[in-house]
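Structure assessment
Residue-level listing of the chains:
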Amino acid sequence: MAKEGAQRAEETEQMIEKEGGKDAAEGSAAGSLRAGDTKEMRAVVLSAFGGLNKLRVSKKAMPEPQEGELKIRVKACGLNFIDLMVRQGNIDNPPKTPLVPGFECSGIVEALGDSVKGFEIGDRVMAFVNYNAWAEVVCTPVEFVYKIPDDMSFSEAAAFPMNFVTAYMMLFEVANLREGMSVLVHSAGGGVGQAVAQLCSTIPNVTVFGTASSFKHEAIKDSVTHLFDRNADYVQEVKRISTDGVDIVLDCLCGENTGKGLSLLKPLGTYILYGSSNMVTGETKSFFSFAKSWWQVEKVNPIKLYEENKVIAGFSLLNLLFKQNRGGLVKGVMDKLLNLYTNKKIKPVVDSLWALEEVKEAMQRIHDRGNIGKLILDVEKAPTPLVS
């Protein structure tokens with residue numbers, strides 16, 4: 001494996017040298033154009049909050065690493081449900097538009113900022129980015145960058161950070177998953193849902209209850225213990241199998257599912273809200289659907305929590321990283337996850353690859369809950385020709 005890694009690094013260096021040689025060979029006639037090209041890159045730009053028509057691929061100035069940052073030539077980017085909420089402006093304190101969306105990517109280190117240690121040009125890496133990930137080049141602080149195992153592809157690496165760190169921290173850092181416990185996870189066919197299922201399988205005798213659209217059941221039935229249709233009365237189904245309920249509820253839906261999840265908790269059980277996908281009901285932000293979802297959230301009575309010995313929690317990985325400065329904690333989790341990957345205990349599930357120019361179609365697939373695992377923007381992929 002070390003030999004393969006060395007060969008891969010050598011290939012990367014040769015590729016960089018080749019690109020540099022090709023640039024130099026363009027000739028003086030195209031010299032000014034080439035000089036301009038080296039300072040620009042393709043990126044997905046969100047011109048304003050709203051529907052899919054607010055997204056486009058355009059040229060932007062290429063960033064250069066500041067002190068403590070790495071410059072990464074991006075190969076693949078991850079798409080997450082939070083990206084739909086960002087597009088709609090359906091988040092707290094959204095940044096100003098125009099902006100480049102995206103929070104995770106994988107690629108090759110192309111330059112090092114001052115004081116960066118532990119990385120070299122040519123390293124294969126994956127990274128968290130505070131926006132700007134959906135581009136050919138990104139710069140991000142070294143604390144958010146991790147080396148990719150030799151046998152992990154760029155698409156797998158782009159599918160790894162958000163999903164597996166979120167799943168791991170909810171299960172083990174917040175809910176303290178242990179042998180013999182039970183877990184209910186919504187959207188079991190999605191990227192986080194599949195990561196949760198895989199991580200639960202690393203602990204003996206853990207029962208996983210999952211909800212998902214019925215057309216996904218055949219593909220994911222072996223990843224969970226009990227699988228229910230997302231539109232069915234899963235509360236009664238769970239109680240029929242486990243009369244006491246479950247130890248952990250992982251809720252990415254919000255709305256009426258909050259009360260249902262709390263009702264299913266055993267004493268000393270933990271309910272964790274980590275998303276609110278029920279608030280995204282149309283292509284654009286709808287105040288009515290937003291208000292309706294919040295109206296359906298059961299008002300939590302602290303005295304009732306005390307009497308029933310239940311725990312309610314929230315988890316936001318992006319806030320933990322970029323607002324609460326817990327990059328060191330996340331790095332420790334990534335080390336554990338990469339060890340599990342190396343020992344073939346976990347593996348990212350990639351649903352499909354899309355060109356940057358196909359970002360609208362990819363987003364629509366997430367909106368329709370059509371994906372099993374993670375959707376990836378492949379920076380080097382050409383758009384699929386339309387078939388008449």
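Residues numbered from 1 in each chain as written. Predicted model: local features only at pLDDT ≥ 70, side-chain atom pairs only at ≥ 80, totals over all residues. Heavy atoms only, no water.

A few points about the overall build of the protein chain
To keep it simple, the criterion reads: Secondary structure follows DSSP: runs of H or I at least 4 residues long count as helices, runs of E at least 2 residues long count as strands, and numbering of each begins at the N terminus. Three exposure classes are used, based on accessible area relative to the maximum for each residue type with a 1.4 Å probe and protein chains only: buried under 20%, partly exposed in between, and exposed over 50%. Contacts are residue-level and defined by heavy atoms, with any inter-residue pair within 4.5 Å sufficient. All accessibility values rest on the Shrake-Rupley procedure with a 1.4 Å probe; residue burial counts only the protein chains present in the view.
Scanning the protein chain from terminus to terminus reveals 14 helices and 15 strands. Relative to its full complement of 388 residues, the protein chain shows a buried share of 51%. Across the protein chain, the fraction of contacts at a sequence separation of at least 24, relative to all contacts at a separation of at least 6, is 70%. Only carbon and sulfur atoms are counted for the fraction: they give 51% of the accessible area of the protein chain, which is about 18,500 Å².

Re the nonpolar core
Quick reminder of the rule: By nonpolar core we mean a set of buried residues, namely Ala, Val, Leu, Ile, Met, Phe, Trp, Tyr and Cys, connected to one another through side-chain atoms within 4.5 Å. Where each domain begins and ends follows an automated or database-derived domain assignment.
Counting 95 residues, the largest nonpolar core has Phe128, Trp134, Phe160, Leu199, Leu250, Val330 and Leu337 as the members making the most contacts within it. Among the elements that take part in this core, helix α5 (residues 161-174) stands out by supplying 9 residues, more than any other. When residues of this core are sorted by domain, at least three fall in each of domain 1 (40-160 + 345-378) and domain 2 (162-322). Contacts of Leu337, omitting those with residues within four sequence positions, involve Phe160, Phe164, Val165, Tyr168, Leu199 and Ile346. Counting 12 residues, the second largest nonpolar core, distinct from the first, contains Val246, Leu262, Leu264 and Leu265.

Some thoughts on the packing of aromatic side chains
Aromatic ring pairs are reported here in terms of the distance separating the ring centres and the angle at which the planes meet. The condition that has to hold: Ring geometry is summarised as follows: Phe, Tyr and Trp rings, the Trp one being its six-membered ring, pair when their centres sit within 6.5 Å, and such pairs are stacked at plane angles under 30 degrees, edge-to-face over 60 and tilted between the two. In our convention, an over-ring charge means Lys NZ or Arg CZ found within 6 Å of a ring centre and within 35 degrees of that ring's normal.
Inspection of the entire model under this criterion finds 7 aromatic pairs. Summarising the aromatic geometry, the rings of Tyr168 and Phe172 are spaced 4.6 Å apart at their centres and angled 40° between planes, so their arrangement reads as tilted. Within this pair, Tyr168 and its partner Phe172 are both found in helix α5, separated by 4 residues, close to a single helical turn. In this pair, the class of Tyr168 matches that of Phe172, namely buried. Ring pairs connect the aromatic residues Phe160, Phe164 and Tyr341, which therefore count as one cluster. Lying across the ring of Phe154, Arg124 places its NZ or CZ 4.8 Å from the centre. Here the guanidinium or amino end of Lys147 rests over the ring plane of Phe119, the centre of that ring lying 5.6 Å away.

Structural notes on the pattern of salt bridges
For the record, the criterion: Salt bridge, as applied in this entry: a Lys or Arg side-chain nitrogen positioned within 4 Å of an Asp or Glu carboxyl oxygen.
All told, the structure shown has 16 salt bridges when counted by the stated rule. Close ionic contact of Glu308 with Lys310 constitutes a salt bridge, the shortest N to O distance being 3.3 Å. By relative accessible area, which is 33% here, Glu308 ends up partly exposed. Linked through salt bridges whose partners overlap, the residues forming this network are Glu64, Lys71, Arg73 and Glu110.

Here we look at unusual backbone geometry
Most peptide bonds adopt trans geometry, and most residues besides glycine take a negative phi value. Look at the link from Thr97 to Pro98: it is a cis peptide, with omega at 0°. Turning to its location among the elements, Pro98 is positioned in the loop between α3 (81-88) and β4 (104-112). One non-glycine residue, Tyr131, adopts positive backbone phi at about 70°. Positive phi is not limited to glycine here, since Lys344 has a value of about 60°. Tracing the chain through its elements places Lys344 in the loop between α13 (327-342) and β14 (350-354).

Focus on the packing of α5 against helix α6 (residues 191-200)
For clarity, the threshold we go by: Simply put, an axis is a line fit to the C-alpha atoms, just over the touching stretch for a helix, and the angle between two N-to-C directions goes from 0 to 180 degrees. Put simply, angles under 35 degrees are roughly parallel, angles over 145 are roughly antiparallel, angles from 65 to 115 are roughly perpendicular, and the rest are oblique. By convention the crossing between two helices is left-handed if the near helix lies anticlockwise of the far one by an angle smaller than a right angle, and right-handed if it lies clockwise. Classification convention: Asp, Glu, Lys, Arg as charged; Ala, Val, Leu, Ile, Met, Phe, Trp, Tyr, Cys, Pro as nonpolar; all other residues, Gly among them, as polar.
Here α5 crosses α6 at 50°, and the two axes come no closer than 8 Å. On the basis of their axis angle, the class for α5 and α6 is oblique. In terms of crossing hand, the pair formed by α5 and α6 is right-handed. On the side of α5, the interface is formed by Asn163, Phe164, Thr166, Ala167, Tyr168, Met170, Leu171 and Phe172, while α6 contributes Gly191, Val192, Ala195, Val196, Gln198, Leu199 and Cys200. Within the contact of α5 with α6, the residues separate by chemical class into 11 nonpolar, 4 polar and no charged.

A closer look at the side chain of Arg369
Put simply, the rule is: Think of it this way: Lys and Arg go in the positive column, Asp and Glu in the negative one, and His and the chain ends go nowhere.
Along the polypeptide, Arg369 turns up in the loop between α14 (359-367) and β15 (374-378). At 7.1 Å, Asp368 is the nearest oppositely charged side chain to Arg369, a buried residue that forms no salt bridge.

Some thoughts on the pairing of strand β8 (residues 182-185)
As a reminder of what qualifies: The criterion for strand pairing is that DSSP finds at least two bridges linking the strands in question. A clockwise course of the path from the first strand over the helix to the second, judged with the strands pointing away from the viewer, identifies a crossover as right-handed.
The alternating pattern of β8 places Ser182 and Leu184 and Val183 and Val185 on opposite faces, both of which are buried. Pairing of β8 with strand β9 (residues 207-212) involves 4 bridges; the strand directions are parallel. Residue pairing across strands places Val185 opposite Gly210, the latter belonging to β9. Read as a crossover between parallel neighbours, the route from β8 over α6 to β9 is right-handed. Where β8 lies against strand β11 (residues 246-251), 3 bridges are found, and the strand directions are parallel. Among the inter-strand pairings, Val183 is bridged to a residue of β11, identified as Ile248.

A closer look at the sheet that holds strand β10 (residues 226-229)
Strand order in the open sheet formed by 6 strands is β10-β9-β8-β11-β12-β13, and the pairing between neighbours is parallel. Here the strands that pair on one side only, and so sit at the sheet edges, are β10 and β13 (311-314). The mean inter-strand angle of the sheet, taken between neighbouring strand axes irrespective of direction, is 15°. Here β9 pairs with β10 via 4 bridges, running parallel. Considered in β10, the bridge of Gly210 is made with Leu227. Most of the contacts of α6 go to β8, to which it runs at about 170°, and overall it touches β8, β9 and β11.

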